[in-house]
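So you can see what is in the structure, the chains are spelled out below.
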Amino acid sequence: MSAEVLKYGMVGGGPGAFIGEVHRTAARFDGKNVLAAGSFSRDYQKTLKAGKDLGIDENRLYKNYTEMAEKESELTDGIDFVSVVTPNHTHFKIAEAFLSRGISVVCDKPVTTSSQEALELKQLAEKNDAEFCVTYTYSGYPMVKEAKELVEKGEIGDIRVVMGEYPQEWLAEPAGEENKQASWRTDPNQAGISNCIGDIGSHIEHTVSYITGLEISELSANLDTFVADRELDDNGEVMIKYENGATGMYWASQVAVGNDNGLKVRIFGSKGSLEWSQENPNYLYFSKLGEATKILSRGHDYLGNKAQKTNRIPPGHPEGYFEAFANIYANFSAALLEKKEKGRIEEKDFDYPKITEGLRGVKFIEKCVASSKQGASWVNFE
Ligand SMILES: NC(=O)c1ccc[n+]([C@@H]2O[C@H](COP(=O)([O-])OP(=O)(O)OC[C@H]3O[C@@H](n4cnc5c(N)ncnc54)[C@H](O)[C@@H]3O)[C@@H](O)[C@H]2O)c1
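Values in this document were obtained by computation on a predicted structure and should not be read as measured data.

### Examining the packing of helix 1 (residues 19-28) against helix 11 (residues 321-342)
At a closest axis distance of 8 Å, the pairing of helix 1 and helix 11 adopts a crossing angle of 65°. Where helix 1 crosses over helix 11, the handedness of that crossing is right-handed. Along the contact surface, helix 1 presents Ile19, Val22, His23, Thr25, Ala26 and Ala27, while helix 11 presents Tyr321, Phe322, Phe325, Ala326 and Tyr329. In the contact of helix 1 with helix 11, the residues fall into nine nonpolar, two polar and no charged.

### Notes on the sheet that holds strand 3 (residues 81-85)
If you trace the five strands from one edge of the open sheet to the other, you get 2-1-3-4-5, paired in parallel fashion. In this open sheet, the two strands that pair with only one neighbour each are strand 2 (33-39) and strand 5 (132-134). For this sheet the average axis-to-axis angle between neighbouring strands, irrespective of direction, equals 20°. For strand 4 (residues 104-107) and strand 5, the ladder comprises three bridges, and the chain directions are parallel. Within the sheet, the bridge partner assigned to Val105 lies in strand 5 and is Phe132. Contacting strand 1 (6-12), strand 2 and strand 3, helix 3 (residues 65-74) crosses the sheet at an angle of about 130° to strand 2.

### Overview of the nonpolar core
The biggest cluster of nonpolar side chains holds 46 residues, and the ones touching the most others in it are Leu219, Val238, Tyr242, Tyr250, Leu274 and Phe364. It is helix 9 (residues 196-212) that contributes the most residues to this core, seven residues altogether. Setting aside its immediate chain neighbours within four residues, Leu274 contacts Ala147, Leu150, Val151, Ile156, Val265, Arg266, Ile267, Leu284, Tyr285 and Phe286.

### So, the packing of helix 4 (residues 91-99) against helix 5 (residues 115-127)
Between helix 4 and helix 5, the shortest axis-to-axis distance is 10 Å and the interhelical angle comes to 10°. The orientation of helix 4 with respect to helix 5, classified from their angle, is roughly parallel. Contacts from Phe92, Ala95, Glu96 and Leu99 in helix 4 reach Glu117, Glu120, Leu121, Leu124 and Ala125 in helix 5.

### Comments concerning the environment of Asp199
Inspection of the secondary structure puts Asp199 in helix 9. By relative accessible area, which is 8% here, Asp199 ends up buried. For the pair Asp199 and Tyr285, spaced 86 residues apart in sequence, the C-alpha to C-alpha distance is 26 Å. If we ignore the near neighbours within four places in the chain, the residues touching Asp199 are Lys109, Arg185 and Gln254.

### What about the sheet that holds strand 13 (residues 294-297)?
The sheet built from nine strands is open, its strands ordered 13-12-11-10-6-9-8-7-14 with mixed pairing. Because the sheet does not close on itself, it has two edges, and the strands there are strand 13 and strand 14 (379-380). Here four bridges tie strand 11 (residues 272-277) to strand 12 (residues 283-288), and the two strands are oriented antiparallel to one another. Each bridged residue has a counterpart across the sheet, and for Ser273 the counterpart in strand 12 is Ser287. Each of strand 6 (159-167), strand 11, strand 12 and strand 13 is contacted by helix 6 (residues 142-152), which is oriented at about 20° to strand 12, the strand it contacts most. Against the sheet, helix 12 (residues 355-373) contacts strand 7 (216-224), strand 8 (235-242), strand 9 (247-253) and strand 14, and its axis sits at roughly 60° relative to strand 7.

### What to know about the site of the ligand
The environment of the ligand is made up of 27 residues, and the closest members are Ile19, Asn88, Lys109, Thr137 and Gln181. In the environment of the ligand, an oxygen atom lies 3.0 Å from a nitrogen or oxygen atom belonging to the side chain of Trp184. Separating an oxygen atom of the ligand from a side-chain N or O atom of Tyr321 is a distance of 3.1 Å. Protein chains bury 94% of the 850 Å² of accessible surface belonging to the ligand in isolation. Within the residue set of the shell around the ligand, elements represented by two or more residues are strand 1, helix 7 (180-185) and helix 9. In terms of residue count, the dominant contributor to the shell around the ligand is helix 7 (three residues). The two domains that each donate at least three residues to the shell around the ligand are domain 1 (6-130) and domain 2 (140-315 + 362-380).

The rules behind each value
Residues numbered from 1 in each chain as written. Predicted model: local features only at pLDDT ≥ 70, side-chain atom pairs only at ≥ 80, totals over all residues. Heavy atoms only, no water. Axes fitted to C-alpha atoms, helices over the stretch in contact; angles between N-to-C directions. Helix = DSSP H or I, 4+ residues; strand = E, 2+ residues; numbered from the N terminus. Left-handed = near helix turned anticlockwise from the far one by under 90°. Contact = heavy atoms within 4.5 Å. Nonpolar A, V, L, I, M, F, W, Y, C, P; charged D, E, K, R; others polar. Pairing = 2+ DSSP bridges. Core = buried A, V, L, I, M, F, W, Y, C linked by side-chain atoms within 4.5 Å. Buried < 20%, exposed > 50% of the residue type's maximum accessible area, 1.4 Å probe, protein only. Parallel < 35°, antiparallel > 145°, perpendicular 65-115°, else oblique. Near = heavy atom within 4 Å. Polar contact = N/O pair within 3.5 Å; in protein donor to acceptor, adjacent residues only side chain to side chain. Areas by Shrake-Rupley, 256 points an atom, 1.4 Å probe, with all protein chains shown as cover. Domains from an automatic or database assignment.

Don't take any of this as a statement about function, it's just geometry.
This is the structure we're talking about:
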């Protein structure tokens, strides 16, 4: 692999923001990406302060993302990609500004607030030969990759039933304006048509799809809004039928008292089953019909190639959220570096979530909302 390092810019991730700092940490983990430009906030003074703290040249701190896209695309040493870590409703315009100038994009999920917009971004990336990564965090975990590999090897047979859940308690009561993360997520003008299914149901959808490769054919969703005066959903159950005849059930909740970030996925096949949960992410439960359950542990030689390649430290020293995120950046950076060196790449050879998955995720949210509005009727996924 090339010794070259990529330069990237960031939109969002200003003082007090959540995911921006996670992206910055993940991007620098393997020494392949350097933060060279930013528009970290709509408030330029905050961008200047954040940029100074991060050691970025003041000439490359921009008043807004449009100026950043224009100026960076004119520089000979301009950024190779931009990371978009702003609230959902802004992703489309920001990504469009960079893609239209041929700059690749890393964008957090949900990639846009409508599938039409996601489709337009996909087409724009293709037209301008730019790469597009959507940071579905959980596909970066080595033991999720192991689960995928075991399914691919046929170790659990034909998949019959999937159970996915993501319970949280943090929105069980009205959140005040001072809680920035809560206030935009519960506002339809900023979050889009869904809060809970959009924010965390989308993670179940992607994690299941990544592990199993199953395609949804139909779904039936019931979305609830339990907290008074809240406009969007804070809990939801989704029944799924997959194209191979398997069935599934996803539950996402922000009012599940006693739960922090309880993403758990269970996959049941004709010969075995798998269980992974993000709060105990270094272990994968693997059962074969009629045998005692095995607990596979990250970092061991008995794991498959995908899990071994993304492992960083010996077993028993816990890896977690930052490492998973860093694995997504590592794979995306490897793709961009190879493209710089060889002029072109086969996207499918690089294991990071792409715009096609981002588009499917937004469609999932739309279908859930449509079904729920029709009294949880079954809707085709198409
Ligand atoms: N992958 C994951 O697991 C994960 C986790 C958390 C959040 N997210 C996603 O990341 C995104 C951001 O979420 P968050 O919780 O970090 O939000 P946040 O409110 O903590 O941070 C958003 C930041 O964007 C800035 N911003 C808003 N508009 C801007 C603009 N036009 N230009 C520059 N900066 C702007 C704000 O000032 C703030 O600094 C959302 O799309 C969310 O769904 C993903």
